Every structure is written in structure tokens, then in C-alpha cells.
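Breakdown of the fold
Take a look at the letters that make up each chain.
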Amino acid sequence: MKKTLIAAALLAGFAGTAQAQSVTLYGIVDMGFMNSKQDGQSATNGLESGIAGSSRFGLRGVEDLGNGLKANFQLESGFKADTGIQSASGQLFDRAAWVGVSGNFGEVRLGRQDSLGFNWFRGAINPFGNAYSQAQSKTIFNVNGIDDRLSNSAFYLSPKFSGFQVGAGYSFNANGSETTGNDADNAAYSLGLRYQNGPLLAVLTYEQKNAADLAPGAGVGGSDLKNIQLGATYDFGVAKLHAGYGRLQNSGYKSSAKKENSYLVGVTVPFGARSVFASYQRNDKANINAGRADSAINGYAIGYNYTLSKRTTIYALFNQYTDVIVRTDNKALGDKREIAIGLQHKF
């Protein structure tokens, strides 16, 4: 009888906790076959993890504090499904590790989290988002630029007003902790404004990463990295159109060309459980060749998704980009072509 009462009391306690706090385990397991061919090299074939979306697992939780106030957290870790190793050595939660509060005022988050340029712009404006191998945004936008995720950061996200939302974040040091003698070295700012109403999404982001006082840092001779991005999508129902522009300054150039401009146009066409999406991207004067400004990186990509269920998708990908990689002889840039087919499951 006593054991039954104790068990009932424990269950009642757990039930009360479950009502006050909700914790969700989630993730993605993505595996595919990739055929890749670079100039001057033979083609490679193999299984790769995270082609259409990085394999990951995470925990997110919400606790109702009353009076419309909530406590929130997210912990997210990337891994390679083909080998089982962590995506980032030495970082258990490399993708997200933050805690915050939210209410009628908006939301405040503290910890490691996505920059607004990465999440609001590059993840939403490109039909391929921040995935699908070199079809992703970072092949063209923010090349050797500001970090996609900012450690040691505090962010504020406002409520939505008539479709508008603003965001602002500050990282005390995007890479670690502040170095003695370097005021605000590697500190970063992330600002964003977006408008989403019906079929229209429009996004403007600005980010800056300070160079260290006592070292050249990320920019030229100590210059700060600066990145502005502007883009929009419009969903006509039968097709969604995508367009974006970015301007990155001081990305480690040794020449006088300190600015690079990036462009994107794309389309997504859904039909039932299937969708076809494509993009063309171009970056003028990108810095990927040992600090020398290259004339341009440009290329196109075509993708296909077939949704088997709400959680499982089969995908296919073809892309071709020029001047993406430095050849092994380190004397010339080379083109790169990728063909992939894979399976993604979300839980």
C-alpha cells in the first residue's frame, strides 16, 4: 500500500512538472550519394551526410512562468551520419546553445545562436537555403565573411507588428573570449528587419565583426568586416520567386579590391508532394584565392524534392559553379560540378 502511494505521489509530481515545462527532442538524419568533379581532378563518389540539411539532434524547451512570460532554451549538435562523429570537434552543441525569456515584449536569448544574416536572409531567400552542398547561400554570399553562428551573444527579437519584425544581436567575441589588451576584439553586431505578410517576405540585414586591436584580424590591416544583405521572395501559388543582393567589405584582401557584391535569382515550383527549385548566383571579386580578388564566382543549381511523409523526403541535386575552388597546384581556380541523390528523415 505504501509503495503504491509513493509511486502515485511520484507520478503526480512528474505530471505537474510536465504541465509546467515542455521539452522536445528533435533532429534530422540526412544521407545521400554524391558524385563530385573538380577541374584538374578525377571524379569522386561516395555517401555524404547532410547534403539537403545538416544531420543534427537537439533539445528545445519552454516553461510557462505565468503572466505571459516564458523561459526558453535550445541545445543543438551537428553530426556526420556516415561516420557518427561530431560536426565540430570539441563542441558538443556547435549549432545552438542558448537560454532566454519571451513575452509580450518579444524575446531575449543569451548564448550561441544563428546570426540574422544566416537565418533571416541566407536561410530564407535562397531556394536551397543553407543546405544542398555548394548550392547553398554561403558559396556566394558572405564568402570568408562574418560567422554564421555567434558565440557569447545576446539577441533581442521583437514581436511582429503588421508583418514587421526587428532583431538585434551583439557578440562579445564570436570566436571565444575577449583577449587581454584588445578592446572588443572579434566582437560582432547582427541587425535585421523583415516583413512577412501573405505571399511576400522581404529581409534586410546588416552585420559587422570588429578586427582585433593588436592584430590584422578578419579584415585588411585591422579593418572591420561589414556585410549588408537585402532580399525578397513572393509566392504566387504556382511558383515562388526569389531574389537577393549582398555586399561584403574587407574580407581579407591583399589587393585594393575590398568589396564584393553578390546576387541571387531563383524559383520554386511545387506540384503535389513534389517540388522543383533552381537558382543562379554570382559573386564579383570574391576572396577565395590566397587573398587575391578573383574576377567572379557564379553558377546554377537545380533541385528536386519528393515528400514521402511530413518527416521523410527523397531529394536530387545538380549544380555547376565556376571558380569555386583553388586547384591543387594553387595556381588557378577550378570549376566544380555536383550530382546527388539522397534521403532525409526528421524526428
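Here we summarise the structure given alongside this text. (Residues numbered from 1 in each chain as written. Predicted model: local features only at pLDDT ≥ 70, side-chain atom pairs only at ≥ 80, totals over all residues. Heavy atoms only, no water.)

In this section: the overall build of the protein chain. In terms of regular secondary structure, the protein chain is built from two helices and 17 strands. Split into buried and exposed, the 347 residues of the protein chain put 42% on the buried side. Considering only residue pairs separated by 6 or more positions, the protein chain has 55% of its internal contacts joining residues 24 or more positions apart. Taken as a whole, the protein chain presents about 17200 Å² of accessible surface, with 58% of it coming from carbon and sulfur. (Helix = DSSP H or I, 4+ residues; strand = E, 2+ residues; numbered from the N terminus. Buried < 20%, exposed > 50% of the residue type's maximum accessible area, 1.4 Å probe, protein only. Contact = heavy atoms within 4.5 Å. Areas by Shrake-Rupley, 256 points an atom, 1.4 Å probe, with all protein chains shown as cover.)

Turning our eyes to something else, we now look at the side chain of Asn-126. Note on placement: Asn-126 falls in the loop between helix H2 (116-125) and strand S7 (149-157). A polar atom in the side chain of Asn-126 sits 2.9 Å from the backbone nitrogen of Phe-128. There is a polar contact of 3.3 Å between the side chain of Asn-126 and the backbone oxygen of Ala-135. If we ignore the near neighbours within four places in the chain, the residues touching Asn-126 are Phe-121, Ala-135, Gln-136, Ser-137, His-242, Leu-264, Ser-279 and Gln-281. (Polar contact = N/O pair within 3.5 Å; in protein donor to acceptor, adjacent residues only side chain to side chain.)

Turning our attention to the pattern of salt bridges. Evaluation of the coordinates by the stated rule reveals eight salt bridges. The salt bridge involving Arg-149 is made with Asp-114; its shortest N-O contact spans 3.1 Å. Of this pair, Arg-149 sits in strand S7 while Asp-114 sits in strand S6 (residues 106-114); the two residues are 35 residues apart in sequence, bridging distant segments of the chain. With a relative accessible area of 24%, Asp-114 lands in the partly exposed category. Among the salt bridges present, the one from Lys-336 reaches Glu-338, with a minimum N-O distance of 3.6 Å. Accessibility assignment for this pair places Lys-336 and Glu-338 in one class, buried. Taken together, the shared-partner salt bridges in this structure form one network comprising Arg-122, Lys-138 and Asp-148. (Salt bridge = Lys/Arg side-chain N within 4 Å of Asp/Glu carboxyl O.)

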